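# Per-entry structural report
Next come the chains, spelled out residue by residue.
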Amino acid sequence: MKHDPSTLHGAQEAEVRVPTRRALAKQQTRAKVLAAARRLFSEEGYEGATIRDIAAAAGMSTGAVFANFADKSDLFREIMLVDMASLAEVMREAAHRGRAVDDCLLKAFSAGYAFYKSQLPLARAAFSISWTPDQGPELRNMAPVLALHDLIAEQLLAGVERGELSQEAEVKLRTQMLFDCYLANYPEAIFLGWSIDALQAKAKDQIRVILAGARRG
């Protein structure tokens with residue numbers, strides 16, 4: 001059965017929707033609000049930054065902010081979603097540069113710490129919010145956070161496939177242990193001012209101990 005080329009071309013054009021002027025304006029408004037919120041959260045912390053201040057920094061009314069975001073927590077969640085997606089990509093790229101499983105994991109962890117060392121005020125706000133009873137569970141279960149968990153599991157499974165780890169490596173349990181250690185080192189990084197070298201040394205020991213019982217031979 002033959003298709004009319006003009007009909008196919010028209011269908012393809014219909015699938016490509018050009019944003020309207022209103023939609024573009026809305027995107028620009030959201031971008032301005034997010035940029036202002038990121039700056040104020042970094043300078044004032046989560047509690048110190050108000051919607052009124054964010055609106056003023058973005059050069060618009062509070063009504064314009066609420067037209068795009070439900071509340072302050074919605075704004076913060078959007079910023080964290082972007083940051084965590086970037087973090088997951090940075091850590092994945094770092095893991096791919098490793099060789100053995102412990103080297104892959106250490107490179108991934110180190111990349112994660114370096115990522116947040118470059119924006120400590122925002123990291124402090126994110127870490128503090130992530131353990132609150134109301135917003136914490138949602139932040140800790142965002143898709144990019146779960147992607148970090150999956151990344152660790154992938155490195156362990158690759159280690160099993162290469163013969164570095166035994167088939168009985170209990171990948172699920174060790175993945176959770178490694179993920180917990182990765183998160184547990186953040187207070188030293190963002191509150192106590194530990195250097196990347198110090199964090200790497202601690203993470204290296206943690207990885208070595210957790211993988212010790214899983215190694216072959």
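Note that the structure is predicted; figures quoted are calculated from it, not measured. (Residues numbered from 1 in each chain as written. Predicted model: local features only at pLDDT ≥ 70, side-chain atom pairs only at ≥ 80, totals over all residues. Heavy atoms only, no water.)

### Section: the overall build of the protein
Each helix and strand in the protein was counted, giving 12 helices and 0 strands. Scanning the protein from its N terminus toward the C terminus, one meets helices and strands in the order α-α-α-α-α-α-α-α-α-α-α-α. Against the compact-globule benchmark of 17 Å for 217 residues, the protein has a radius of gyration of 22 Å, which places it well outside the compact range. Reported as C-alpha extents along the three principal axes, the dimensions of the protein are approximately 65 × 65 × 30 Å. When each of the 217 residues of the protein is scored for burial, the buried share is 41%. Each charge sign in the protein was given a centre, from 27 positive and 27 negative side chains, and these centres are 3 Å apart. (Helix = DSSP H or I, 4+ residues; strand = E, 2+ residues; numbered from the N terminus. Rg over C-alpha atoms; globule rule 2.2 N^0.38 Å. Buried < 20%, exposed > 50% of the residue type's maximum accessible area, 1.4 Å probe, protein only. Lys, Arg positive; Asp, Glu negative; His and termini not counted. Charge placed at Lys NZ, Arg CZ, Asp CG, Glu CD.)

### Quick notes on the state of the cysteines
Scanning the model with the defined rule gives 0 disulfides in all. Here cysteine 181 stays free of any disulfide, with the sulfur of cysteine 104 as its closest cysteine sulfur at 18 Å. (Disulfide = S-S within 2.5 Å.)

### Looking at the packing of helix H10 (residues 171–184) against helix H12 (residues 196–212)
Describing two packed helices takes the angle between their axes plus the distance from one axis to the other. It is the contact of H10 with H12, at a shortest axis distance of 10 Å, that shows an interaxial angle of 165°. Our classification of the angle between H10 and H12 gives roughly antiparallel. Considering how the two elements wind past one another, H10 and H12 form a crossing that is right-handed. Along the contact surface, H10 presents Arg174, Met177, Leu178 and Cys181, while H12 presents Gln206, Ile207, Ile210 and Leu211. (Axes fitted to C-alpha atoms, helices over the stretch in contact; angles between N-to-C directions. Parallel < 35°, antiparallel > 145°, perpendicular 65-115°, else oblique. Left-handed = near helix turned anticlockwise from the far one by under 90°. Contact = heavy atoms within 4.5 Å.)

### Quick word on the nonpolar core
In terms of nonpolar packing, the biggest core is built from 63 residues, with Phe41, Leu75, Phe76, Leu87, Phe109 and Leu178 touching the most fellow members. Broken down by element, this core gets its largest block of residues, 9 residues, from helix H5 (residues 72–96). Ignoring anything within four residues of it in the chain, the contact list for leucine 178 reads Leu105, Phe109, Ile152, Leu156, Ile207, Ile210 and Leu211. (Core = buried A, V, L, I, M, F, W, Y, C linked by side-chain atoms within 4.5 Å.)

### Some points on the packing of aromatic side chains
Evaluation of the coordinates by the stated rule reveals 9 aromatic pairs. Ring centres of tyrosine 113 and tyrosine 186 lie 5.2 Å apart, and the angle between their planes is 75°; on these two criteria the pair is classed as edge-to-face. Here tyrosine 113 is found in helix H6 (residues 101–117), whereas its partner tyrosine 186 is found in helix H11 (residues 186–190), with 73 residues between them in sequence. For the pair shown, tyrosine 113 and tyrosine 186 are each scored as buried. Among the aromatic residues, ring-to-ring pairing joins Phe109, Tyr113, Phe115, Tyr116, Tyr182 and Tyr186 into one connected group. Above the plane of the ring of tyrosine 46 lies lysine 72, whose end atom (NZ or CZ) is 4.5 Å from the centre. (Phe/Tyr/Trp six-rings, centres within 6.5 Å; stacked < 30°, edge-to-face > 60°. Lys NZ or Arg CZ within 6 Å of the ring centre and 35° of its normal.)

### Notes on the pattern of salt bridges
Within this structure, the stated rule accounts for 10 salt bridges. One salt bridge in this structure joins lysine 107 and aspartate 103, with 3.0 Å as the shortest N-O distance. In this pair, lysine 107 and aspartate 103 both sit in helix H6, 4 residues apart, roughly one turn of the helix. For lysine 107, a relative accessible area of 32% gives the class partly exposed. (Salt bridge = Lys/Arg side-chain N within 4 Å of Asp/Glu carboxyl O.)

### As for the side chain of arginine 174
Mapped onto the secondary structure, arginine 174 falls in helix H10. With relative accessibility at 12%, the residue arginine 174 sits in the buried group. If near-sequence neighbours (up to four positions away) are discounted, arginine 174 is found in contact with Leu156, Ala169, Ile210, Leu211, Gly213 and Ala214.

### Some words on helix H3 (residues 51–58)
All of the buried residues in H3 are Ile51, Ile54, Ala55 and Ala58. Burial along H3 is one-sided: seen end-on, the buried residues are contained in an arc of 100°. Looking at H3, the residues exposed on the side facing more than 90 degrees away from the buried face are Arg52 and Ala56. Of the residues one or two after H3, glycine 59 is the one with positive phi, at around 75°. (Arc of directions from axis to C-beta.)

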